[in-house]
Amino acid sequence: MTTTVAAPPREGGSGRGIRRGEALAGWVFTLPVILILGIFLLAPVLMALWVSFSDWSGRGSPLSANVRFVGLDNYASITTGGGLPTRDFGISLRNNAWYVLLVVPLQTALSLFLAMLVNRAILRGRGIFRTAFYFPSVTSSVAITVLWLFLFSATGVVNEVLSWIGINGPNWFQDPNGIVHNALAAFGVTTGPPALTENDFLGLSWWNWLAGPSVAMTAFIIMAVFTTSGTFMLLFIAALQNLSGDVQEAAMVDGANAWQRFWRVTLPQLRPTLFTVLTLGLIGCWQVFDQIYTGTQGGPGKTTLTPAYLSYSSAFLGQDWGQGAAIAFILFAIIVVFTLFQRWALRERPVSRRRARQYQPSQPKEAKR
Amino acid sequence: MTGTTLTEARVLTEEPLRQPRPTRQRWVHAPLAWQFVLYAVLIAIALIYIYPFLVQVATSFKTESEAASDPISLIPQTFTFAAYERLFLRSDFPLWFANSAIVTVFVTLGRVFFCSLAGYALARLHFRGRGIVFAAVVAVMAVPAVVLLIPKFLVINQLGIYDSYAGMILPLLVDAAGVFIMKNFFESIPVSVEEQARIDGAGTFRVFWSVVLPMARPALITIIILSFQGSWNELNHFIVATQSPELTTLTKGVAALASGQLSQGSQYPLKLAAAVIMTIPVAVMFFIFQRRIMNVSEGAVKE
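As the structure is a computational prediction, the values presented were derived from the model and not from experiment.

## Description of the overall build of chain A
Scanning chain A from N- to C-terminus turns up 17 helices and two strands. Residue burial in chain A is summarised as follows: out of 369 residues, 51% are buried. Summarising the internal contacts of chain A: among those between residues at least 6 apart in sequence, 67% fall at separations of at least 24. Carbon and sulfur atoms provide 63% of the accessible area of chain A, an area that totals close to 18000 Å².

Next up, the structure:
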């Protein structure tokens, strides 16, 4: 930030003052941005908030007099109504939660791993490797989805490779079975305990919540990791290059091995970047839309349905605008909550007492002040 | 990826780089075997990342039966342009391409101009409310795009620009992240540069246009890359802003193609050819500006 933050002297007479017309120019310069962001971002959000509380049917203006305020009805029908909308919403949350649970850690770990690999100064051809890892990130999600539909088709590349090692690959995008259920089935467990099957949440039994992502969703999970690891790798490389070698060397002198140095020295220093990557990952993962729209439209068996796609389909295809808008706002709330939680979990903490004691080897007892 | 390779590779990445041994032998001698493992791992991963794209290009030149029977080979047995011919001569594909190009050009120009204008004002011009405007721009960046699907449609519809180029282009013309980037860049330019021009009698716009903007080339290129990529690859905005076939963009068209609306059978060569062509402009852009995109801080470490 520059020093311009201080308010300039406004009184005339001193001569220097604010330059003539500067305030006007400031507003004129920012006007297009204010207008466009205001009209296409702020106003829409308010309008959609209204729609989520109304019974607008999609005809005419949502602001016209014959649209009624229905309070929380739309929200209620997707959360506590118990009917099809509730069930669909539950299913979409289940699908997306598994997606987040798998994609976020995997993409973070993989991108950090790639960054550590290519960050070495002496590595030959590291530019080529970086390019290779980053390239999937620049292509459009539609193009990648088309490619993925081919790679993971019944007779596609992935199954061909799997057949080399004797695995009979599934028909990925047609397979609605959850992978946790599949794994349990391998041990002969095909039905859950009554405690799980007889109780439900959002119209979906707990047994079904724990089904895991479907095989079809797993293909999307692999795709997400594939396409995002390059971007996040760049963030980690930038952070790694800003670290000073001193701490590393100190640790080395102290006899820390490579694994300890990574875990105890490098990783804590990467905390801000880690936070960025996790947050961006989380935000992105709750917004899965393009892939679903292009690829499966929620199928098979609704197992790739996500809240974002459900919001779109209930509004634009099902003409249930209130519910669609309500889903969008719940999704918004989920993203905000998770981001705040992450911020809290990864906040800079003072070193705990227990930790601090480790660094003070000969302390008789805790000093009481 | 197994845990053991992970550990090994990490050892490899760090060990040679900063060995504090005063004798200058360092990495050259010790971990030759590790070096080998490292390169093997890297090449294997790079293959996994690149092979899908090679297969994609190869398959677009295969016949449909070959695409199904031999998906993995990179050399088509019967080399055919049928998919591309069909796309260009007997489909709406050229129209989609043109639409994407039109939108991308306007959006990129608009973003470069408006984002740098606003970025300059927020960095340099003093006016009441500047702080609020900036805070609002930052806040807007946090709103997830998918949440705006319905809201955007409502407003576009209300304004009467639904299903028109205006509805496709206008909402994308400005980008909060772009404003943010430009503001940061302008703050790094010394004020004295502008003072000179002011003394010579240049007005605010003149100073911005002829003095500061030309200095902002690196930031402008960043904006150009981001908005080109962003608007070329944009899908959900076009889904909610248009419906008529004449306004279909590549993303929308190819998505429809992928879900089989336009054809029977799997048609993989056709779909993949469409995806290939769709990727080419961004890929070209990527390779032209590759240094800038990839150079997070290349050169910070001496080789």
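This is not the end of the story, as more comes after the structure.
## Topic: the nonpolar core
Core analysis: the largest hydrophobic core is formed by 191 residues, its most contacted members being Tyr99, Phe133, Trp148, Phe173 and Phe289 of chain A together with Phe186 of chain B. Take this core: its biggest share by element is 17 residues, from helix H10 (residues 215-242) of chain A. Those residues in contact with Phe289 of chain A, other than ones at most four positions away along the chain, are Ala308, Tyr309 and Tyr312 of chain A together with Val146, Leu149, Asn236 and Ile239 of chain B.

## Side note on helix H12 (residues 204-215) of chain B
Under the 1.5 Å per step criterion, the end-to-end length of H12 of chain B is 16 Å for 12 residues, consistent within 8% with the ideal 16 Å. For H12 of chain B, every residue scored as buried is listed here: Thr204, Val207, Phe208, Val212 and Leu213 of chain B. Down the axis, H12 of chain B shows its buried residues gathered within 140 degrees of arc, on one side only. Buried residues along H12 of chain B sit in contact with helix H1 (22-52) of chain A together with helix H6 (93-124), helix H10 (176-187), helix H11 (192-199) and helix H13 (217-233) of chain B.

## A word on the UniProt feature "transmembrane region" (unreviewed entry) in chain A
Feature annotation in UniProt assigns "transmembrane region" (unreviewed entry) to the following positions: residues 24-53, 97-119, 131-154, 215-240, 270-289 and 325-346 of chain A. Strand forms 0% of residues 215-240 of chain A and helix 100%; the C-alpha atoms that close the span are 36 Å apart.

## Examining unusual backbone geometry
Only a minority of non-glycine residues have a phi that is not negative, and only a minority of peptide bonds are not trans. The phi dihedral of Gln319 of chain A falls on the positive side, at around 55 degrees, and the residue is not glycine. The residue Gln319 of chain A is located in the loop between helix H15 (307-317) and helix H16 (321-345) in this model. One non-glycine residue, Asp163 of chain B, lies in positive phi territory at about 60 degrees. You can see Asp163 of chain B is positioned in the loop between helix H8 (149-158) and helix H9 (165-169). A relative accessible area of 22% means that Asp163 of chain B is categorised as partly exposed.

## Quick word on the packing of H6 of chain B against H12 of chain B
Residue and element names in this part refer to chain B. At their nearest, the axes of H6 and H12 sit 11 Å apart, and the two run at 110 degrees to each other. The orientation of H6 with respect to H12, classified from their angle, is roughly perpendicular. Every pair of crossing elements has a handedness; the one defined by H6 and H12 is right-handed. Side by side, H6 and H12 meet where Phe113, Ser116, Leu117 and Tyr120 of the first sit next to Thr204, Phe205, Val207, Phe208, Trp209, Val212 and Leu213 of the second. Among the residues forming the contact of H6 with H12, the class breakdown is nine nonpolar, two polar and no charged.

About the criteria used
Residues numbered from 1 in each chain as written. Chains lettered and ligands numbered in written order. Predicted model: local features only at pLDDT ≥ 70, side-chain atom pairs only at ≥ 80, totals over all residues. Heavy atoms only, no water. Helix = DSSP H or I, 4+ residues; strand = E, 2+ residues; numbered from the N terminus. Buried < 20%, exposed > 50% of the residue type's maximum accessible area, 1.4 Å probe, protein only. Contact = heavy atoms within 4.5 Å. Areas by Shrake-Rupley, 256 points an atom, 1.4 Å probe, with all protein chains shown as cover. Core = buried A, V, L, I, M, F, W, Y, C linked by side-chain atoms within 4.5 Å. Expected span 1.5 Å × (residues − 1). Arc of directions from axis to C-beta. UniProt positions renumbered as here; feature names shortened; annotations may be inferred. Axes fitted to C-alpha atoms, helices over the stretch in contact; angles between N-to-C directions. Parallel < 35°, antiparallel > 145°, perpendicular 65-115°, else oblique. Left-handed = near helix turned anticlockwise from the far one by under 90°. Nonpolar A, V, L, I, M, F, W, Y, C, P; charged D, E, K, R; others polar.

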